[in-house]
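So you can see what is in the structure, the chains are spelled out below.
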Amino acid sequence: MSGEVGAKRSGVREVAAAAGVSTQTVSRVLNGYPGIRAATRERVLDAVAALDYRVNNAARALGTSLTRTVGVVASDAVLHGPSAGIAALERAARTRGRWITTAYTDSDDPADIDAAVRHLLDQGVDGIVLVAAHGATPLEGYDVPIVPLYGESGIRQRDAAALVVDHLADLGHRRILELAGPSDWREALARTAGVADAAARGGLEVVDRVEGDWSAASGSAVADAVAARVAEGATAVAAANDQMALGLIAGLAARGMRVPADVSVTGFDDNPDAAFYTPALTTVRLDVEGEAEYAVAAVLGDAAPAPAAPVLVARDSVTAPR
């Protein structure tokens, strides 16, 4: 066994023999060369995993000036969205024969974020992907490419937020509230823009915009403000993520209000628990795997298919207004 003490570690020749290819093909797969057939690449990577073959990145970096490592600067990784993004980036990097190294920062201070970026640069990363980028996050002025996970324009974030508001408009809602994410986040700003786009297009009035911090607790905390607006005629709330929607639903229930009988609520992200909320949450799903593949390709200067369009997931938390 390759993992036994004293056992000889498998090398490129053993990987090539197990995959039924030449050592040159193994090298080309591990170095990310284009033109390798998908089936061949998969056989090589399967053999690498089965034999526990480990590439000596330090030695290879001396010969190529590349470490085969993609840096990730991540914020608020305890939240579902960022944690799912980091996991997807690891998978996307691995399919290209790369690995990720992550620096965490929960600060919106540009100096703190810059320090995290420079920590990764000191490790010789080939590029950096930003997860949960704040508005102040620097994107330029470094020696390697730096891109946000969901693209600088946030267009698919914007489109996704618009989908749920279009759904509300189709059901007859005309006065809604927005439960937004923190305004120093790029993703929150893109989602707010999407709500505004769809409201204008569908003739809806956004009667109020309250802000949370992505947590369920912050959603619950604005329940009084939401209840007051519902009493004035608002019929739906578009929340910027599923966790805030969950907190809001619980907060409204504590005040004797029912979702969706008294007010409809939508979320964003389609986290794994959203279908099991009470009621099951109407939300929107992004192609996180596709976004990760696109971002990794971008920092490496490669081509990748555009991520799939966001998908509305209609469940029980929304109904036509009474």
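Parameters at a glance
Residues numbered from 1 in each chain as written. Predicted model: local features only at pLDDT ≥ 70, side-chain atom pairs only at ≥ 80, totals over all residues. Heavy atoms only, no water. Helix = DSSP H or I, 4+ residues; strand = E, 2+ residues; numbered from the N terminus. Buried < 20%, exposed > 50% of the residue type's maximum accessible area, 1.4 Å probe, protein only. Axes fitted to C-alpha atoms, helices over the stretch in contact; angles between N-to-C directions. Parallel < 35°, antiparallel > 145°, perpendicular 65-115°, else oblique. Left-handed = near helix turned anticlockwise from the far one by under 90°. Contact = heavy atoms within 4.5 Å. Nonpolar A, V, L, I, M, F, W, Y, C, P; charged D, E, K, R; others polar. Salt bridge = Lys/Arg side-chain N within 4 Å of Asp/Glu carboxyl O. Pairing = 2+ DSSP bridges. Core = buried A, V, L, I, M, F, W, Y, C linked by side-chain atoms within 4.5 Å. Phe/Tyr/Trp six-rings, centres within 6.5 Å; stacked < 30°, edge-to-face > 60°. Lys NZ or Arg CZ within 6 Å of the ring centre and 35° of its normal.

Relative to the helices and strands, Thr69 is located in strand E1 (residues 69–74). A residue is classified by how much of its surface remains accessible, and Thr69, at 13% relative accessible area, is buried.

As a packed pair, helix H1 (residues 12–19) and helix H3 (residues 38–50) sit with axes 9 Å apart at the nearest point and diverge in direction by 125 degrees. Comparing the axis directions of H1 and H3 gives the class oblique. H3 is crossed by H1, and the crossing has right-handed handedness. Contacts from Val15, Ala18 and Ala19 of H1 reach H3 at Arg43, Val44, Ala47 and Val48. The class makeup of the residues in the contact of H1 with H3 is 6 nonpolar, no polar and 1 charged.

Counted under the stated rule, the structure contains 19 salt bridges. Across the salt bridge formed by Arg94 and Glu90, the nearest N and O atoms sit 2.8 Å from each other. Here the residue Arg94 and the residue Glu90 both occupy positions in helix H5 (residues 80–95), the gap between them amounting to 4 residues, near one helical turn. Exposure remark for Arg94: the relative accessible area of 45% places this residue in the partly exposed category. Judged by relative accessible area, which is 29%, Glu90 ranks as partly exposed. For Arg96, the salt bridge goes to Asp302, with nearest N and O atoms at 3.1 Å. With a gap of 206 residues between them, Arg96 in the loop between H5 and strand E2 (99–104) and Asp302 in the loop between helix H12 (288–300) and strand E10 (311–313) connect regions that are remote in the sequence.

Moving on to the sheet that holds strand E6 (residues 205–211). In a beta sheet, neighbouring strands are held together by backbone hydrogen bonds and run either parallel or antiparallel to one another. Here 4 strands make up an open sheet; going across it, the order is E6-E5-E7-E8 and the pairing parallel. At either margin of the open sheet sits one strand with a lone partner, and together these are E6 and strand E8 (264–266). Sheet twist, expressed as the mean angle between neighbouring strand axes with direction ignored, is 20 degrees. Relative to E6, helix H10 (residues 223–231) is tilted by about 170 degrees, and along the sheet it contacts strand E5 (175–180), E6 and strand E7 (236–239).

With that out of the way, let us pick up unusual backbone geometry. Look at the link from Val259 to Pro260: it is a cis peptide, with omega at 10 degrees. Between Thr278 and Pro279 the backbone carries a cis peptide bond, its omega angle lying at 0 degrees. Mapped onto the elements of the fold, Pro279 is located in the loop between E8 and strand E9 (283–285). The residue Asp269 is not glycine, and still its phi comes out positive at about 120 degrees. On the secondary structure map, Asp269 appears in the loop between E8 and E9. One non-glycine residue, Asp270, lies in the positive phi region at around 50 degrees. You can see Asp270 is positioned in the loop between E8 and E9.

Attention now moves to the packing of helix H7 (residues 155–170) against helix H8 (residues 186–202). The angle between the axes and the distance between the axes are what describe a pair of packed helices. Contact geometry for H7 and H8: axes closest at 7 Å, N-to-C directions at 40 degrees. The orientation of H7 with respect to H8, classified from their angle, is oblique. Crossing geometry of H7 relative to H8 is assigned as right-handed. Here Gln157, Arg158, Ala161, Ala162, Val165 and Asp166 of H7 lie close against H8, whose contacting residues are Glu187, Ala190, Arg191, Ala193, Gly194, Val195, Asp197, Ala198, Ala199 and Arg201. Across the contact of H7 with H8, the residue classes tally to 8 nonpolar, 2 polar and 6 charged.

If you look at the biggest cluster of nonpolar residues, it comprises 65 residues, and the most contacted ones within it are Leu89, Leu248 and Leu252. Beyond its immediate chain neighbours, meaning those up to four positions away, Leu248 contacts Leu179, Gly219, Ser220, Val222, Ala223, Val226, Val237 and Val265.

Looking now at the packing of aromatic side chains. Summed over the entire model, instances satisfying the criterion amount to 1 aromatic pair. With centroids separated by 5.4 Å and ring planes inclined at 70 degrees, the aromatic side chains of Trp185 and Trp214 adopt a geometry described as edge-to-face. A residue pair is termed long-range when its members are at least 10 positions apart, and Trp185 in the loop between E5 and H8 and Trp214 in the loop between E6 and helix H9 (216–221) qualify at 29 residues. Of the two residues, Trp185 and Trp214, neither departs from the other in class, the shared state being buried. One cation-aromatic arrangement involves Arg156 over Tyr294; the distance from NZ or CZ to the ring centre is 5.9 Å. Lying across the ring of Phe268, Arg191 places its NZ or CZ 3.7 Å from the centre.

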